[in-house]
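Here is how the chains run, residue by residue.
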Amino acid sequence: MTKYNIALIPGDGIGPELMSSAKMLLESINDKTSVKFSLTEVDAGDNALSKFGKALPDFTLDAIKKSDACLKAPVGESAADVIIVLRRLFDLYANIRPAKSFPNIKSISENVDLVTVRENTEDVYLGWEFYANSDTVVALRVISEKASRRIAEYAFKTAVMRGEKKKVVSVHKANVLRKSDGLFKNICRDVSTEFPQIEYSELYVDACAMNLIRNPESFDVIVTTNLFGDILSDEAAQVVGGLGMGPAGNIGENFSLFEPVHGAAFDIAGKNIANPCSIFLSTKMMLDWLGEKFKDPLLFTEAIKIENAIVSLLKQNYKTIDIGGKLSTSEFTRMLLDIW
Ligand code: ATP
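Note that the coordinates shown come from a computational prediction; the quantities given were computed from them, not determined experimentally.

**Description of a nonpolar patch on the surface**
Working step 1: Together, Trp128, Phe130 and Leu140 line one region of the surface with nonpolar side chains, adding up to about 310 Å² of accessible area.
Working step 2: Topologically, Trp128 is positioned in the loop between strand 5 (113–119) and strand 6 (129–133).

So this is what it looks like as structure tokens:
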């Protein structure tokens, strides 16, 4: 029987509370089903920086390299030195952020089911900024044909596998960023010809931001560049009820890392009130990805069970405070684990 090696990064702020919930979930699955995990907890983030002088210590990198997948809770001020480095080191080129309506959560629409497919390796996130003179900074935006094609293909394949809508919209600002987003848009258009079964359209990023509020249920797959994807996916998370429900996957060819969309939320850290659904749904995405990679149907069963368990609790109005409920992080976690 395969045992899956999972590296866990508890991170900072609400991170350790969320990771404690996710770890209990993985341990429950390990104890009560035929799916087996070997869990290795490793330091990264602000805590690691103050303890070891490095936000991403070498032993953490070694543990991640030995794992089949990584589940990461949010890190604080040192986020750029952790997640952006990991994305580059492991070539995690696709950032996948689903935004889905859940029952009994106040939101703009009740029928949203979309996914943002964000290019994860270039754009201004390369951090190539420099002073042109003493009072002016220039930031370089890098968009390549190779990365654009790879993310566009991922987006169309995602649309093929998802439900009935079968739509991809490429989001850009090619009227202003004529060369960089012009290239991105043209590549998406080119890739669309290989997928005639998918309805393809294009939207300026400002129009997309507006339509996500006005008509969110019309979206299926949004494919976009790194910075626009970061912003639009937070907006989409809010449209379906808040960051506490938002999972994300950083997908590479051979390795992937899963994490909540939100940050370390220091304002609510240590209070036992953070919503653990973001990390539970990230765990679900991780099991789906492992299931696909290792062709193990048992992982799909556990993945869908996580989502169904959350839906079942929400239907009974069992919720954390951020989404209008009364439960603490640990109370919600306990109720979820009781379902296994
Ligand atoms: P970053 O820039 O690192 O993404 P941020 O400053 O945008 O971080 P977040 O930490 O993402 O802020 O969170 C914004 C607010 O959303 C927090 O202040 C918190 O109140 C709320 N929030 C985020 N995640 C959760 C969660 N899991 N449960 C409850 N509330 C949350």
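**Notes on the pattern of salt bridges**
Working step 1: Per the stated rule, a full pass over the model turns up 21 salt bridges.
Working step 2: For Arg97, the salt bridge goes to Asp230, with nearest N and O atoms at 3.7 Å. A residue pair is termed long-range when its members are at least 10 positions apart, and Arg97 in strand 4 (residues 94–100) and Asp230 in helix 8 (residues 226–239) qualify at 133 residues.
Working step 3: Residue classification places Arg97 among the buried residues on the basis of a relative accessible area of 6%.
Working step 4: Relative accessible area serves as the criterion here: at 23%, Asp230 is assigned to the partly exposed category.
Working step 5: Close ionic contact of Lys100 with Glu307 constitutes a salt bridge, the shortest N to O distance being 2.7 Å. Linking Lys100 in strand 4 with Glu307 in helix 10 (residues 297–315), this pair joins segments that are 207 residues apart in sequence.
Working step 6: Residue classification places Lys100 among the partly exposed positions, given a relative accessible area of 32%.
Working step 7: On the basis of relative accessibility, which here comes to 11%, the residue Glu307 falls in the buried class.

**Section: helix 10**
Working step 1: Across its 19 residues, helix 10 extends 27 Å between first and last C-alpha, which sits within 8% of the 27 Å expected from 1.5 Å per residue.
Working step 2: Within the sequence span of helix 10, burial applies to Leu299, Glu302, Ala303, Ile306, Glu307, Ala309, Ile310, Val311, Leu313 and Leu314.
Working step 3: Those residues of helix 10 hidden inside the fold are in contact with strand 1 (3–9), helix 1 (15–32), strand 2 (36–41), strand 4, helix 9 (277–294) and helix 11 (329–338).
Working step 4: Measuring from the backbone nitrogen of Leu298 back to the side-chain oxygen at the start of helix 10 gives 2.9 Å, which picks out Asp296 as the cap.
Working step 5: Backbone geometry just after helix 10 places Asn317 at a positive phi near 70°.

**Quick notes on the site of the ligand**
Working step 1: In the neighbourhood of the ligand, the contacting residues comprise Ile14, Leu243, Gly244, His262, Gly263, Ala264, Ala265, Asp267, Ile268, Ala274, Asn275 and Asp322.
Working step 2: A distance of 2.5 Å separates an oxygen atom of the ligand from a polar backbone atom of Gly263.
Working step 3: Contact between the ligand and Asn275: a nitrogen atom at 2.8 Å from a main-chain N or O atom of the residue.
Working step 4: Taking 620 Å² as the accessible area of the ligand by itself, protein coverage stands at 59%.
Working step 5: Looking at side-chain class alone, the shell around the ligand contains 6 nonpolar, 4 polar and 2 charged residues.

**Description of helix 5 (residues 145–161)**
Working step 1: Compared with an ideal rise of 1.5 Å per residue, which puts 17 residues at 24 Å, helix 5 spans 24 Å between its outermost C-alpha atoms and is within 8% of the ideal.
Working step 2: Within helix 5, the full set of buried residues consists of Ala147, Ser148, Arg150, Ile151, Ala152, Ala155, Phe156, Thr158 and Ala159.
Working step 3: Where helix 5 is buried, its residues meet strand 4, strand 5, strand 8 (167–172), helix 6 (180–192), strand 9 (199–204) and strand 10 (221–224).

**As for the layout of surface pockets**
Working step 1: One number sums up the size of the largest pocket: a volume of about 1,300 Å³.
Working step 2: Contributing to the lining of the largest pocket are 42 residues, with Ile96, Tyr154, Thr158, Met161 and Asp288 lying nearest its centre.
Working step 3: When residues of the lining of the largest pocket are traced back to their parent elements, those giving at least two are strand 4, strand 5, helix 5, strand 11 (247–251), helix 9 and helix 10.
Working step 4: By residue number, the principal contributor to the lining of the largest pocket is helix 9, which donates 7 residues.
Working step 5: Here the lining of the largest pocket is built from residues that sort into 20 nonpolar, 5 polar and 17 charged.
Working step 6: Considering only enclosed or pocket space, the second largest pocket measures out at about 330 Å³ in volume.
Working step 7: If you trace the second largest pocket, you find 18 residues lining it, with Ala79, Ile83, Arg87, Arg97 and Val261 closest to the centre.
Working step 8: Looking at the lining of the second largest pocket, the elements that each hand over two or more residues are helix 4 (79–89), helix 8 and strand 12 (256–260).

What counts and what doesn't
Residues numbered from 1 in each chain as written. Predicted model: local features only at pLDDT ≥ 70, side-chain atom pairs only at ≥ 80, totals over all residues. Heavy atoms only, no water. Patch = residues over 30% accessible without salt bridge, like charges linked within 9 Å, V, L, I, M, F, W, Y side chains within 5 Å. Areas by Shrake-Rupley, 256 points an atom, 1.4 Å probe, with all protein chains shown as cover. Salt bridge = Lys/Arg side-chain N within 4 Å of Asp/Glu carboxyl O. Helix = DSSP H or I, 4+ residues; strand = E, 2+ residues; numbered from the N terminus. Buried < 20%, exposed > 50% of the residue type's maximum accessible area, 1.4 Å probe, protein only. Expected span 1.5 Å × (residues − 1). Contact = heavy atoms within 4.5 Å. Polar contact = N/O pair within 3.5 Å; in protein donor to acceptor, adjacent residues only side chain to side chain. Near = heavy atom within 4 Å. Nonpolar A, V, L, I, M, F, W, Y, C, P; charged D, E, K, R; others polar. 1 Å grid on protein atoms, 1.4 Å probe; cavity = no way out; pocket = protein on both sides within 12 Å on 5 of 7 lines; lining within 4 Å. Points joined across faces, edges and corners; volume = space filled by probe spheres on them.

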